[in-house]
Every structure is written in structure tokens, then in C-alpha cells.
Amino acid sequence: MVVRDGATLYTIEGVAAALLMIVTATIVFQAISIYTPGDTHIDDMLLEQLGADALAVMDLPQGQGELTLLEEVVQDWSPDAFDAAFSPLLRERSFAAEDPIQYSAEISYRAGDEVASVTFSDPPGYVATGRDPAVRVTRWVQIHPGHSVPIPHTGRSQVVLLEVILWRG
Amino acid sequence: MVTIDFLVGFTIFISAFIIVVAMVPHPLFAVQSARIDYDAVAYRTGVILVEDPGMPTSPDFPVWEQQIDPGEVIRMGLAVERGSPHILSPAKVDRFFDRDFFTYPDDYQRSLIFGDYPYSFNVTLSHKGTQRSVGPPPPEQFGVVRRVVVVKETSSLIRDGADSAHNEFHLPENLTGDQRLMIEIPCPTLIDRSVEPLFRIDPRTDPLQIEVRNIREYLNVPVNETVVLHEILIARQGITIPFAAYTLEIDEDEVVSLDDTLQTSRMVPGNLTFTLHPVPNPPWRQADTIAITFIFSDNPDGADHQVITYDYGTVFIPPAEPGILEVAVW
Amino acid sequence: MAGLNEDGQWIVLMGFLISIAILALMLIVSQATLVGQTTAEGVIEFPKHEIRDLRSEVIRSVHLQTTDAILEDMRLLSLKRNHAIVSVDWRPEPNMTHPMTRVMIRYNNGVTVYEETLLV
């Protein structure tokens, strides 16, 4: 009896050890959330930073007491001028090829006690997949009577919110 | 003696071990905690450069870029002042990318990257079509942050002989080279907190430029006479003081950098550019008016004397252009 | 069972040790992941740009004629679009050598609370 038992002992121990290791590894790997560069928060953070930076720089006055570039393009309602200034700031890179960042911009304004929005700039020919991780940055813009923004005129200076959605596409 | 039982058991064990080992590297390599760390360090470095004006060791020096010893710099921020992010000071930028002044990587490590871990890094500023950088190009894997900035421009007072509005010396009786041009720089007028930081001129930290173009026409000197720049006097509150921190360019050639060489007369054919550089502990105070007199004659009698004030109404500041500052860490 | 052969036990012991090693390793790795994630989240969740922008816009608008209407624009747009409660109080401060305005800005987006009082 004893001798027969001994003949399968190593096999049983080996199977036990194998099961133990594999079960532990499986449980452990399933338990921790794996951080992959694909859906990183870091990339979102850097993109948000970049967008906010670009808007902030465009919102610097062009001369002492003059309008900022951002106020000018919103006031004159010229998405092309906005794109000409905004896109290069987002895309230029020196350690790699141009960053393929896309954006869409809209303007929100107050009408009485309600908030309404108009589209300012949409990327041409882009079909939304709904999968690209996007970030949102905003900037306050002052507009004055006589502006060309397609919103109801109030006859006073007002503040609108420029909202830009950024993603890599 | 090796039994079949042992072989079977050991094989099962080893096979399981190999499977487990094969499972491990996948998440380990995908995680790359180092990359996260690089990104965080790059982000922090970017914030220091773009949003902080930096700090020298001595409180007597309000700015680090005027320090003579790189070891005296605690933190190298490039912003013009606290509370004005994205606006970089040209003097700080020049100093930061000055390879003769700071040594890579030690000085940058100590006062920009911080920490004990010896990170490698590259800081590149792309502005107006040129790139300036510190550090070697990054390898394949690195953390990077991109910031949008503007570099403040140097102000200059321009007088142009070809411009009919600049006719200070165009007097009918004035047909000699005996001219004195005095530029008054009122520091309290310039250091005005209500002026936008992007356009504010601070003689303590910013260079001031005086440009006289087409000097013969400007000074109303006939073609057959030579224009001679005899002397430059710098005065504080009306009292002449010795001050040598300026450069003088004639037709874009730097001709004089020392006070004594000015004593010999020089011909001035075309354009004259005078730059007054900021220095640590300048011989004037914040409330003083500095006067710079260009004497185009050694004959003090009968000289025509014109005074122009250097202020926000007379100076020209080129529009600031955006640039990209990139920090790569690995 | 005095006669039982215990020679094989070192294999199972080995398996046990390796399992513990994997556990410890993964614990460390998940910590590192956490650090990176919290760094990024910390930056994203602190609306630095938003607060700076709000601040500079408020400072600019207190000198305008229609300050109240503009501040109402900002309050409502912040609430509806940025999901943040913004309240700005301002009153002239006559007892100063230069006439100034005292501005109190309060910002709360549920995660970050920011308050500032300044003279402009």
C-alpha cells in the first residue's frame, strides 16, 4: 500500500503546486486594473492643458488696450481666422510629426434665464465615431454691441462662453 | 534514481510555472509606471517654466536671470511675473538657453527638474520659426508636455529721418552737425501696474532700445558734411553717472561696448541702434528718470537740443507671437 | 501513516512561494498605477484654467457699465455649462486714496471650492 502511494506522490504535488500558482496569478491579474497608455488620464490631462493654453494665449491683448484675438474672431464671427490661429498651436510638435488634433467649438450665451448655444466651428468632413476620448475646455469671451455673433442682440456688452471639444482623430 | 513519478510531477510544476511567468510580463510592460512618472515630471517642469517667474537665492536680486553665478539660481521660471502665465520674459529665455552660462544637466537638474533621480530631459522652444533647446534629443520612450506661450517683445523708440513726422531737428537755420538728442526714460511712468504685463516696460528687467534710422536726414545734416557721434551721456535725475551696460550698433555692426572707446569720434552713416541693458543693482531707483544724451558734436555752444520721452505713447512694441514650449523627460 | 513518503512536498512549497511572490509584485505594480492615475486626476479635477479665466474676466468686467448683467451671464453659463456655482459680489470701496472696488469671487464645482477677495 505504502509503496504504491509513493509512486504517484510527485505527480500529485506537482498538480497541486501548478493549480495553486495558476489560480493565484489569474485572480491577481483580474483584480488589479491594468493601466494601458491607450486610455490614459495623462493624455487627457495633457490635451486639456494644451487646449486651455492655446485659448489663453489667444486671449492676450494684441496691443495695449486693444481687443484680444479671441474676442476679435468671436465678435466678427470668423471661424476661419480662429482655425488659422488655433490649429497650429495645437498641432505643432518638435519631437514628432504633427499631432492630429481635431476640435469643434460652440458658443453658449444667456437668453433671459435660459442658456442657448450656437455652433462656431466644426471640423470639416469628420464623422464622429463616438469612440475618440475627448476633452472639453472653455473660455469666457466678452462681446460688445455691434458684434456679428448670430445670437439675439441685447444692446449691452455681454459675456459668452466659448466651448471647445478636443480629440485626436 | 529518477522515477517516472518525479518526472511527471516536476514537468507539471515547471509547465505551470512557465505559464505563470508568461502571464506576468504582459501587465508589467503595459503599465510602465516610469512613463507615468516621466509625464508627471514633464508636467511639473512645464508648469514651473511657463507659470513661475523663478527665484534667485538673494532677495536683493528680484530676478534670477541677472545672477552672475549659476549656483545662485534656486528656480528657473520663465514667466514675466507671478500671475501672468504663458507670457515669457525674453531675458529669462535667453539666459535659460545660454549654454555658456548653465551646464547641462547639473544646473537644470538642481533648479528646474528637482529631486534625486537623475532624469534626462530636453526643453525646446519653437518661436518665430526657430527652435532653441537644452538637452539631447529624446529616445523612443519619453514623457512630454507641450505648452503654448508668448515671448514678450523688446520695446524700442524709433526716430526715422525718412518719416516726416519725426522732424524735431528740421529747423530752417539748422544746417550744422551740432546736435544733441536726449531721450528721457521716466521709470515711474513705465513701471505702471495698470499696463498689461505683455506690454509693460520695466527698465529693471527689460532692455530698452533707441533706434535712429536715416540719421543724416533725421539730424538735418547736409550731404557734404559727416555725422559724428561724439559722446553718449547717461544721467540720473539730471546728474551724469558712469554706466557702461549698453551696446551700440551702427548699421547692425556692434561698434562700441565700452565707455572709453566712445570718446573718439565716429562717423555715423545710416542707422544707429542703442540698447540699454538691465543690470543687477542699477545706479538708479524706481522713482528716477534716466536721461540718455547722444552728442553729435564736440561743440557744446549753439548745439540744437531736442528731448524725447521714452513712454507708452512714443515707443513701438512689436506684436508678441505665440510659440510652443516642449519639455521631454526620460 | 509513519511510512508516508514526504519527498514531493517541496514542489507544492515552491508553488506556494511563487504565488506569494506574484501577489507581492502585483501589489507594488498596482500602487504605481494608482500614483500615475491620481496625478493626472488631481490635475484634471482642479480647474486651474477655469478659475484663472473667471478671475481675469471678473476683474475686467467690474469696470464696465453693465457689470451686473455680465456677472449674471457668467453665473448662469457656469451653472448650466460648467456645472459650477459662481457667485461674485462687488462694491466700491470709497475710503481709499484711490477709488477701488472690492470683489469677492466664490467658485464651487462640487470637488473644488475657491474663494478670493480682491481689490481692483
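If you're wondering where the values come from, they're calculated on a predicted model, not measured in any experiment. (Residues numbered from 1 in each chain as written. Chains lettered and ligands numbered in written order. Predicted model: local features only at pLDDT ≥ 70, side-chain atom pairs only at ≥ 80, totals over all residues. Heavy atoms only, no water.)

Section: the packing of helix H2 (residues 48-61) of chain C against helix H3 (residues 67-82) of chain C
Residue and element names in this part refer to chain C.
Part 1 of the argument: Where H2 meets H3, the closest approach of the two axes is 10 Å, and the angle between their N-to-C directions is 165°. Classified by the angle between their axes, H2 and H3 sit roughly antiparallel to one another. The handedness of the crossing between H2 and H3 comes out as right-handed. Residues Glu50, Leu54, Glu57, Val58 and Ser61 of H2 touch H3, and the partners they reach there are Thr67, Ile70, Leu71, Met74 and Asn82.
Part 2 of the argument: In terms of residue class, the contact of H2 with H3 is made up of five nonpolar, three polar and two charged. (Axes fitted to C-alpha atoms, helices over the stretch in contact; angles between N-to-C directions. Helix = DSSP H or I, 4+ residues; strand = E, 2+ residues; numbered from the N terminus. Parallel < 35°, antiparallel > 145°, perpendicular 65-115°, else oblique. Left-handed = near helix turned anticlockwise from the far one by under 90°. Contact = heavy atoms within 4.5 Å. Nonpolar A, V, L, I, M, F, W, Y, C, P; charged D, E, K, R; others polar.)

Observations concerning the sheet that holds strand S1 (residues 85-93) of chain C
Residue and element names in this part refer to chain C.
Part 1 of the argument: Spatially, three strands are ordered S1-S2-S3 in an open sheet, and the strand pairing comes out antiparallel. The strands lining the two open edges of the sheet, one partner per strand, are S1 and strand S3 (113-119). Put simply, the sheet's adjacent strands are angled 5° from each other on average, direction ignored.
Part 2 of the argument: Pairing analysis gives nine bridges linking S1 to strand S2 (residues 100-108), with the strands arranged antiparallel. Residue Ile85 lies in a different strand from S2, and its bridge partner there is Asn108.
Part 3 of the argument: Most of the contacts of H2 go to S2, to which it runs at about 155°, and overall it touches S1, S2 and S3. (Pairing = 2+ DSSP bridges.)

A few points about the side chain of Asp39 of chain B
Part 1 of the argument: By the element assignment, Asp39 of chain B lies in helix H3 (residues 33-51).
Part 2 of the argument: Once residues lying within four places of it in the same chain are set aside, the contact partners of Asp39 of chain B are Ile42 and Leu46 of chain A together with Gly143 and Val144 of chain B.

Description of the UniProt feature "transmembrane region" (unreviewed entry) in chain C
Part 1 of the argument: What UniProt calls "transmembrane region" (unreviewed entry) maps, in this numbering, to residues 12-29 of chain C.
Part 2 of the argument: Between the end C-alpha atoms of residues 12-29 of chain C there is a gap of 26 Å, over a span that is 100% helix and 0% strand. (UniProt positions renumbered as here; feature names shortened; annotations may be inferred.)

Description of the layout of surface pockets
Part 1 of the argument: Size it by volume and the largest pocket reaches roughly 1,600 Å³.
Part 2 of the argument: If you go around the largest pocket, you meet 44 residues; those closest to its centre are Glu196 and Pro197 of chain B together with Ser56, Ile59 and Arg60 of chain C.
Part 3 of the argument: Of all the elements, H2 of chain C adds the most residues to the lining of the largest pocket, at nine residues.
Part 4 of the argument: Each residue belonging to the lining of the largest pocket can be placed in one class, and the counts come to 15 nonpolar, 12 polar and 17 charged. (1 Å grid on protein atoms, 1.4 Å probe; cavity = no way out; pocket = protein on both sides within 12 Å on 5 of 7 lines; lining within 4 Å. Points joined across faces, edges and corners; volume = space filled by probe spheres on them.)

A closer look at empty space enclosed by the protein
Residue and element names in this part refer to chain B.
Part 1 of the argument: Inspection of the entire model under this criterion finds two cavities of 30 Å³ or more.
Part 2 of the argument: What the largest cavity holds in volume is close to 60 Å³.
Part 3 of the argument: Along its surface, the largest cavity is lined by Pro90, Lys152, Glu153, Thr154, Ser155, Leu198, Phe199, Arg200, Ile201, Asp206, Pro207 and Ile317.
Part 4 of the argument: A breakdown of the residues in the lining of the largest cavity according to their chemical character gives six nonpolar, two polar and four charged.
Part 5 of the argument: Looking at the second largest cavity, the residues that line it are Pro203, Asp206, Leu208, Leu276, His277, Pro278 and Trp284.

Points about the nonpolar core
Part 1 of the argument: By size, the foremost hydrophobic cluster in this structure holds 40 residues, and its most contacted members are Phe82, Phe86, Leu162, Val164 and Leu166 of chain A.
Part 2 of the argument: Taken together, the elements giving at least two residues each to this core come down to helix H3 (41-58), helix H4 (69-75), helix H5 (79-91), strand S1 (101-111), strand S2 (114-121), strand S3 (134-143) and strand S4 (158-168) of chain A together with strand S6 (143-151) of chain B.
Part 3 of the argument: In terms of residue count, the dominant contributor to this core is H3 of chain A (seven residues).
Part 4 of the argument: Dropping the residues within four chain positions of it, Leu166 of chain A is found in contact with Leu47, Gly51, Phe86, Leu90, Ile101, Gln102, Tyr103, Pro133, Ala134, Val135 and Val137 of chain A. (Core = buried A, V, L, I, M, F, W, Y, C linked by side-chain atoms within 4.5 Å. Buried < 20%, exposed > 50% of the residue type's maximum accessible area, 1.4 Å probe, protein only.)

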